[in-house]
Amino acid sequence: MSNTRVREDEILEGMKSHDRRSLAKMLSLCEKAPDMANEILDKLSKKTSHVIGITGSPGVGKSTLISTILDKMNGKKIGIVVVDPSSPFTGGALLGDRVRMQSHATDKNFFIRSFANKGALGGLSPSIYEACDAFEAFGMDDVIIETVGVGQSEVDVANIADTVVVVLSPDNGDEVQMLKAGLMEIADLFVINKSDNPRSQILLSRLRAVTSGNKEVPIYLTNAVTGEGVERLLDDLDDRFFQISSNGILVQKRKKRLLHHAQSIVRREIDHLIQNLEINGRNLKEIRNQLIEELCKKDDQNN
Ligand SMILES: Nc1nc2c(ncn2[C@@H]2O[C@H](COP(=O)(O)OP(=O)(O)OP(=O)(O)O)[C@@H](O)[C@H]2O)c(=O)[nH]1
Ligand SMILES: [Mg+2]
């Protein structure tokens, strides 16, 4: 048997016996060798976890909220995906996030994993779909995905999450005015975090005014540092999962997720083909570099 096959079998067996090291390997495969990851995942039965996307502008308190949520999870098994905001917007805050969240990393019920945000146009990395499947195959009760609400990633998160939580904060000036239509559309519920800031009440009334007339989107006020309001949010998240499981919405969401996952696999294959394409013995990178050089030369001559 080849080494790769032995490794695949080890991961498969490890996943079945809830071995955390195997889950770690599985998640690395999701990122580095998604085809192999999918092959293993196909052989595993999956729990339907509640997949919760938590999105919002940089610094609104998403990671702090997730840490507080984890504090309150008595015995629930949770997988957490933090989409590495490798953009200049939030690069600095990332280390802080990790430190806060990592205080939970040794808890055997939680598994935290960062993913590079390398999807096209700032969208989510396609490996997130496989990572989500891996957490479900491991038997997690909930899967939480933190993404920064800039670019395409917040819209993408709606393609994978069963419930999208949009977090706002009174720190960010008039956030309601800044709320992009896309974010409004994908929100299943809003959280106004940093309720200790008195301006949160103004934000609440503005948000109520903007959302009235649209679909009913509940709004929660939380203080992620003290935990105020977080329990109510968690109870309602559980209730919502129960509701969407029984009224057919979850089935629709899962169909949508499958479709987007399939599209992401096709896109990844095409990307791979393009990367490896050769024209007259030269790959695309060489051709592109030569083109850039020629264009720069022309530009120099014109100036
Ligand atoms: N006063 C107050 N501060 C908070 C609250 N929640 C978070 N913070 C602080 O806000 C800052 C940013 O919190 P993070 O949890 O890193 O925010 P984030 O949304 O994950 O940020 P990015 O991942 O960079 O987008 C930290 O200094 C937190 O301590 C809150 O409810 N009240
Ligand atoms: Mg964060």
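Residues numbered from 1 in each chain as written. Chains lettered and ligands numbered in written order. Predicted model: local features only at pLDDT ≥ 70, side-chain atom pairs only at ≥ 80, totals over all residues. Heavy atoms only, no water.

Asks: I'd love a proper account of unusual backbone geometry, names of residues and values included.
Replies: Among all residues save glycine, negative phi is the norm, and among peptide bonds the norm is trans. At histidine 18, a position not held by glycine, the phi torsion is positive, near 55°. Here histidine 18 shows up in the loop between α1 (3-16) and α2 (20-32). For histidine 18, a relative accessible area of 43% gives the class partly exposed. Phi is positive for asparagine 280, which is not a glycine, with a value near 50°. Looking at asparagine 280, the relative accessible area reads 76%, which means it is exposed. (Helix = DSSP H or I, 4+ residues; strand = E, 2+ residues; numbered from the N terminus. Buried < 20%, exposed > 50% of the residue type's maximum accessible area, 1.4 Å probe, protein only.)

Asks: If you had to explain the pattern of salt bridges to someone new, which residues and values would you point to?
Replies: All told, the structure shown has 14 salt bridges when counted by the stated rule. Salt-bridge contacts for aspartate 133 lead to arginine 257; the nearest nitrogen and oxygen are separated by 2.7 Å. Separated by 124 residues along the polypeptide, aspartate 133 in helix α6 (residues 127-138) and arginine 257 in helix α12 (residues 249-276) bring together distant segments of the chain. Residue classification places arginine 257 among the buried positions, given a relative accessible area of 6%. Here aspartate 171 makes a salt bridge to lysine 194, at a shortest N to O gap of 2.9 Å. Within this pair, whereas aspartate 171 is found in the loop between β5 (163-168) and α8 (175-178), its partner lysine 194 is found in the loop between β6 (189-192) and α10 (200-211), the two being separated by 23 residues in sequence. For aspartate 171, a relative accessible area of 42% gives the class partly exposed. (Salt bridge = Lys/Arg side-chain N within 4 Å of Asp/Glu carboxyl O.)

Asks: Would you mind going over the environment of threonine 163 in detail, with residue names and values included?
Replies: Within the element layout of this structure, threonine 163 appears in strand β5. Threonine 163 sits 26 residues away from leucine 189 along the chain, and the two C-alpha atoms are 8.0 Å apart. Ignoring anything within four residues of it in the chain, the contact list for threonine 163 reads His50, Val51, Ile52, Gly53, Asp188, Leu189, Leu237, Arg240 and Ile244. (Contact = heavy atoms within 4.5 Å.)

Asks: Describe in detail the pairing of strand β4 (residues 142-148), supporting the description with residues and values.
Replies: For β4, a buried count of seven out of seven residues is recorded, marking the element as mostly surrounded by other parts of the structure. With burial as the criterion, each face of β4 is covered, one bearing Asp142, Ile144, Glu146 and Val148 and the other bearing Val143, Ile145 and Thr147. Pairing geometry for strand β1 (residues 50-56) and β4, over seven bridges, is parallel. The residue bridging isoleucine 54 from the neighbouring strand is glutamate 146, located in β4. (Pairing = 2+ DSSP bridges.)

Asks: Quick rundown of the nonpolar core? Include the residues and the values.
Replies: Counting residues in each nonpolar core, the largest one holds 50 residues, and the members touching the most others are Met26, Ile145, Phe190 and Leu207. Both domains that meet at this core, namely domain 1 (1-44) and domain 2 (46-247), each give it at least three residues. Contact partners of methionine 26, with chain neighbours within four places excluded, come to Ile11, Met15, Ala37, Ile40, Leu41 and Ala134. Ile80, Ile112, Tyr220 and Leu237 belong to the second largest nonpolar core, which has 24 residues in total. (Core = buried A, V, L, I, M, F, W, Y, C linked by side-chain atoms within 4.5 Å. Domains from an automatic or database assignment.)

Asks: Let's hear about helix α11 (residues 230-246): which residues, and what values?
Replies: Taking 1.5 Å of rise per residue, the 17 residues of α11 would be expected to cover 24 Å, and the 25 Å separating its terminal C-alpha atoms lies within 8% of that figure. Packed against the buried residues of α11 are β1, α4 (62-71), β5, β6, β7 (219-221) and α12. Two residues or fewer after α11 comes glycine 248, characterised by a positive phi angle close to 90°. (Expected span 1.5 Å × (residues − 1).)

Asks: So what about a negative patch on the surface? Which residues, and what values?
Replies: Negative charge collects at one region of the surface, where Asp35, Glu39, Asp42 and Glu269 lie side by side. Of the residues forming the negative patch, the biggest block, three residues, is contributed by helix α3 (residues 34-42). Position of aspartate 42 relative to the elements: it lies in helix α3. (Patch = residues over 30% accessible without salt bridge, like charges linked within 9 Å, V, L, I, M, F, W, Y side chains within 5 Å. Areas by Shrake-Rupley, 256 points an atom, 1.4 Å probe, with all protein chains shown as cover. Lys, Arg positive; Asp, Glu negative; His and termini not counted. Charge placed at Lys NZ, Arg CZ, Asp CG, Glu CD.)

Asks: Which residues make up the pairing of β5, and what values do they have?
Replies: Remark: a regular strand shows side chains that alternate across the two faces of the sheet. Of all six residues in β5, six are buried, a share of seventy percent or more. On β5, burial covers both faces: Thr163, Val165 and Val167 on one face and Val164, Val166 and Leu168 on the other are all buried. Sheet topology note: the β1/β5 ladder contains five bridges and is parallel. Residue pairing for β5: glycine 53 is matched across the bridge by valine 164. Sheet topology places β5 next to β6; four bridges connect them, and they run parallel. In the strand pairing of β6, leucine 168 is matched with isoleucine 192.

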